[in-house]
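Spelled out from the first residue to the last, the chains are:
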Amino acid sequence: MTEPVYRVNEIFYSLQGEGFYTGTPAVFLRFSGCNRLCPFCDTDHHAFREMTAAEIAAEVSSFPSRHLVATGGEPLLQLDSYLLRALKARGFYVQVETNGSRPVPPEVDWVTCSPKEGPWDIGRIDELKVVYQNSPDHLLRLAELLPATHHFAQPLSGGNVPETIRFCLDHPRWRLSLQTHKLIDIR
Ligand code: SF4
């Protein structure tokens with residue numbers, strides 16, 4: 001069997017800035033490419049280098065943390081059981097940040113879904129994380145369509161913090177998530 005090759009945009013080490021694992025030292029594995037074309041996308045995920053599962057596992061293991069965040073782009077276009085098993089063999093707990101468009105392989109430990117345009121086909125969500133755009137109905141509808149264990153509302157970049165706090169106070173299933181990495185100026 002030919003060994004699969006993955007298109008990796010970057011690998012870096014930082015703190016998880018958002019959501020349930022905020023503040024957790026984590027290795028970020030950013031895949032190149034996405035299946036959505038969100039007009040507000042501010043992530044440069046197009047450049048890539050091709051890497052095998054063994055090469056990825058070796059590079060992410062050079063950092064002290066064994067919490068890995070697979071992100072993109074859309075990581076589930078590429079992250080498969082083969083690579084996940086290589087990461088698991090190195091002791092990694094794998095968190096995925098996905099737009100909800102692809103089924104999650106069973107080896108993933110934690111699913112963070114920030115749903116963009118549907119259709120969605122994900123199966124399992126631990127954490128639903130949505131930017132609050134001053135429309136309570138939008139978040140409540142997403143929570144109905146995409147059942148999750150934890151719910152996070154995130155203010156728009158540079159605005160509407162009071163409105164997002166108000167939403168959480170009125171809908172206490174939702175917790176406030178700030179982009180703390182931007183507040184403290186780290187990656
Ligand atoms: S789903 Fe995420 S990575 Fe993909 S285009 Fe939209 S914002 Fe960018």
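Residues numbered from 1 in each chain as written. Predicted model: local features only at pLDDT ≥ 70, side-chain atom pairs only at ≥ 80, totals over all residues.

Take the packing of helix α1 (residues 53–60) against helix α2 (residues 81–89) next. Where α1 contacts α2, the axes come no closer than 9 Å and their chain directions differ by 35°. Considering how the two elements wind past one another, α1 and α2 form a crossing that is right-handed. Across the interface between the two elements, Ala53, Ala54, Ile56 and Ala57 from α1 touch Tyr82, Leu83, Ala86 and Leu87 from α2. Here the contact of α1 with α2 is built from residues that sort into eight nonpolar, no polar and no charged. (Axes fitted to C-alpha atoms, helices over the stretch in contact; angles between N-to-C directions. Helix = DSSP H or I, 4+ residues; strand = E, 2+ residues; numbered from the N terminus. Left-handed = near helix turned anticlockwise from the far one by under 90°. Contact = placed C-beta atoms within 7 Å. Nonpolar A, V, L, I, M, F, W, Y, C, P; charged D, E, K, R; others polar.)

This next bit is on unusual backbone geometry. Of note, the amide linkage connecting Gly72 to Gly73 takes the cis form, showing an omega dihedral of 15°. Tracing the backbone shows Gly73 in the loop between β4 (67–71) and α2. Residue Gly118 is joined to Pro119 through a cis peptide bond whose omega torsion reads 0°. Counting through the fold element by element, Pro119 comes out in the loop between β6 (110–113) and β7 (127–131). Even without being glycine, Asn134 reaches a positive phi, approximately 60°. Look at Asn160: it is not a glycine, yet its phi comes out positive at around 45°. Looking at where Asn160 falls in the secondary structure, it is placed in the loop between β8 (150–154) and α4 (161–170). For Asn160, a count of 17 C-beta atoms within 10 Å corresponds to the partly exposed category. (Buried ≥ 20, exposed ≤ 12 C-beta atoms within 10 Å, placed from the backbone.)

It is worth spelling out the site of the ligand at this point. If you check the shell around the ligand, you find Cys34, Arg36, Leu37, Cys38, Cys41, Thr43, His45, Gly72, Gly73, Glu74, Asn99 and Lys116 and nothing else. Looking at the shell around the ligand, its residues break down into four nonpolar, five polar and three charged. (Near = placed C-beta within 6 Å.)

Here we come to the environment of Pro172. Structurally, Pro172 can be placed in the loop between α4 and β9 (174–176). Distance in space between the C-alpha atoms of Pro172 and Val96 is 25 Å, their sequence separation being 76 residues.

Glancing now at the sheet that holds strand β1 (residues 5–15). Pairing is mixed in the open sheet, where nine strands are placed in the order β3-β1-β2-β4-β5-β6-β7-β8-β9. This sheet does not close on itself; its edge strands, each paired only once, are β3 (49–52) and β9. When the angles between neighbouring strand axes are averaged without regard to direction, this sheet yields 35°. Inspection of the sheet shows β1 paired to β3 by four bridges, in the antiparallel sense. (Pairing = 2+ DSSP bridges.)

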